[in-house]
Amino acid sequence: MDYKVTSMSPEQTRAWGKHLGGHLRKGDVLALIGDLGAGKTSLAQGIGEGLGVTRPMPSPTFTLIHEYDGQNRGTKVRLVHMDLYRLQHPQEVEVIGVEEAFSEDTICLIEWPEIAEDYLPENHLMVEILGSGEKPREIIFHAQDSDWEERIKDIIHSRERLGGPQ
Ligand SMILES: Nc1ncnc2c1ncn2[C@@H]1O[C@H](COP(=O)(O)OP(=O)(O)O)[C@@H](O)[C@H]1O
Ligand SMILES: [Mg+2]
């Protein structure tokens, strides 16, 4: 089931990320899909904020993998932020150690995850961002199982209760 929300500005995308980050759990893997400039990094930075990451989170375009310390429900969590845009072959996914981020003490965000499709854990969440330039963005949560459906419904409803932008 797909759940859509709209973001009218970079700030709203980041705020959505922050809200989402506050609801993530250790072991979650999020595949962030969308064209160049859609807002994947902006969303990831918001997620980092929601997880209490205090260091700046630059785009991992050239460095591929960044790691941060965050807080998740009062305990420490490792946040891994990847950008696989520059990978050419699926074998490189193994070489750079993408799978090491799929662990119970980690929350993992992957921009351009397509090349790693065969390596992603089955229960990852696909988040797609549509739109470009100064236009509004649609953020689509593709919940592929009932667990994610329940969680996404709760995340969207709790944002409505907070009076946030829809
Ligand atoms: N509603 C919006 N949400 C996110 N980014 C937006 C929005 N409107 C304009 N932008 C701009 O689009 C760009 C998104 O960049 P970035 O997050 O790096 O995208 P990506 O990682 O998908 O390539 C930023 O320059 C941002 O200011
Ligand atoms: Mg990016």
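For every chain, the first residue of the written sequence is number 1, and numbering continues from 1 onward in sequence order. Chain letters start at A and ligand numbers start at 1, both assigned in the order the entries are written. Local features in a predicted model are, by the rule used here, given only for residues with pLDDT of at least 70; side-chain atom pairs are given and counted only at 80 or more, and totals for whole chains, interfaces and linings are based on all residues. Side-chain descriptors were evaluated using all non-hydrogen atoms of the structure, hydrogens and water having been removed beforehand.

### Points about the overall build of the protein chain
Thought 1: Think of it this way: any DSSP run of H or I at least four residues long counts as a helix, any run of E at least two long counts as a strand, and we number them from the N terminus. The number of helices and strands found in the protein chain is 4 helices and 7 strands.
Thought 2: Scanning the protein chain from its N terminus toward the C terminus, one meets helices and strands in the order β-α-β-α-β-β-α-β-β-β-α.
Thought 3: Taken over C-alpha atoms, the radius of gyration is set against a globule rule of 2.2 Å times the number of residues to the power 0.38. The C-alpha radius of gyration computed for the protein chain amounts to 15 Å, which stays within 12% of the reference 15 Å derived for 166 residues, consistent with globular compactness.
Thought 4: Over its C-alpha atoms, taken along the principal directions, the protein chain stretches across nearly 45 × 35 × 35 Å.
Thought 5: A simple rule labels every residue: compare its accessible area, found with a 1.4 Å probe on the protein chains alone, to the largest value its type can have, and call it buried under 20%, exposed over 50%, or partly exposed in between. Looking at the 166 residues of the protein chain, the share that counts as buried comes to 46%.
Thought 6: A total of about 8,500 Å² of accessible surface is found on the protein chain, and carbon and sulfur atoms cover 49% of it. In short, Shrake-Rupley with a 1.4 Å probe defines the accessible areas, and a residue's cover is counted only from the protein chains shown.

### Digging into the coordination of the magnesium ion (ligand 2)
Thought 1: Taken together, the protein donors to the magnesium ion (ligand 2) comprise Thr41 (OG1) and Glu111 (OE), at separations of 2.1 to 2.2 Å. Note that Thr41 is positioned in helix α2 (residues 40-50) and Glu111 in strand β5 (residues 106-111), a separation of 70 residues in sequence. Each member of the pair, Thr41 together with Glu111, is buried. Water is not part of the atom set, so a site may look incomplete; the donors themselves are N, O and S atoms within 2.8 Å of the metal, or 3.2 Å for Na, K and Ca.

### A closer look at the packing of aromatic side chains
Thought 1: Within 6.5 Å between ring centres, the rings of Phe, Tyr and Trp (the latter by its six-membered ring) count as paired, and their orientation is classed by plane angle as stacked under 30 degrees, edge-to-face over 60, tilted in between. For the coordinates displayed, the defined rule picks out 2 aromatic pairs.
Thought 2: Here Trp16 and Phe141 contribute two aromatic rings whose centre-to-centre distance is 6.4 Å and whose plane-to-plane angle is 55°, an arrangement assigned as tilted. One end of the pair, Trp16, is in helix α1 (residues 10-21); the other, Phe141, is in strand β7 (residues 137-142), and 125 residues separate them in sequence. Of the two residues examined, Trp16 and Phe141, each falls in the buried class.
Thought 3: Both a distance and an angle decide whether a charge sits over a ring: NZ of Lys or CZ of Arg must be within 6 Å of the ring centre and within 35 degrees of the ring normal. The ring of Trp148 has Arg151 lying over it, and the distance from NZ or CZ to the ring centre is 4.1 Å.
Thought 4: Lying over the aromatic face of Trp16, Arg159 brings its terminal NZ or CZ to 5.1 Å of the ring centre.

### Examining α1
Thought 1: In this scheme, a helix's expected span is set at 1.5 Å multiplied by one less than its residue total. Its 12 residues give α1 an end-to-end C-alpha distance of 16 Å, which sits within 8% of 16 Å, the value for a rise of 1.5 Å per residue.
Thought 2: Here α1 has its buried residues at Gln12, Thr13, Trp16, Gly17, His19, Leu20 and Gly21.
Thought 3: Next to the buried residues of α1 lie β1 (2-7), β2 (29-33), α2, β7 and α4 (146-161). Whether two residues touch is decided by their heavy atoms; if any such pair falls within 4.5 Å, the residues are in contact.

### A few points about the sheet that holds β2
Thought 1: Strand order in the open sheet made by the 7 strands is β1-β7-β6-β2-β5-β4-β3, with mixed pairing throughout. Across the chains shown, the open sheet's two edge strands, defined by having one partner strand only, are β1 and β3 (65-72). Here the average twist between neighbouring strands, direction ignored, is 20°.
Thought 2: Note on pairing: DSSP must find at least two bridges between two strands before they are called paired. In this structure, β2 lies alongside β5, joined through 4 bridges in parallel fashion. Each residue of the ladder has a partner; that of Ala31, found in β5, is Ile110.
Thought 3: Axis definition: a line fitted to C-alpha atoms, limited for helices to the stretch in contact. Angles are taken between N-to-C directions and run from 0 to 180 degrees. Sheet strands touched by α2: β2, β4 (75-83), β5, β6 (125-130) and β7. Its angle to β2, the strand with the most contacts, is close to 150°.
Thought 4: Sheet strands touched by α4: β1, β2, β6 and β7. Its angle to β1, the strand with the most contacts, is close to 25°.

### Looking at the site of ligand 1
Thought 1: Near ligand 1 lie 16 residues; those nearest to it are Thr13, Gly37, Lys40, Thr41 and Ser42.
Thought 2: Within 3.5 Å is the distance limit for a polar contact, defined as a pair of N or O atoms, with the added protein rule that one can donate a hydrogen and the other accept it, and that residues adjacent in sequence qualify only through two side-chain atoms. In this structure, a nitrogen atom belonging to ligand 1 sits 2.5 Å away from a side-chain N or O atom of Thr13.
Thought 3: Between ligand 1 and Lys40 there is a distance of 2.7 Å, counted from an oxygen atom to a side-chain nitrogen or oxygen.
Thought 4: Here ligand 1, which alone exposes 570 Å², has 76% of that area covered by the protein.
Thought 5: Elements with a minimum of two residues in the shell around ligand 1: α1 and α2.
Thought 6: For this classification, Asp, Glu, Lys and Arg are treated as charged, while Ala, Val, Leu, Ile, Met, Phe, Trp, Tyr, Cys and Pro are nonpolar and the rest, including Gly, are polar. Partitioning the shell around ligand 1 into residue classes produces 4 nonpolar, 8 polar and 4 charged. Consider each residue's heavy atoms; a residue with any of them within 4 Å of a molecule or strand counts as near.

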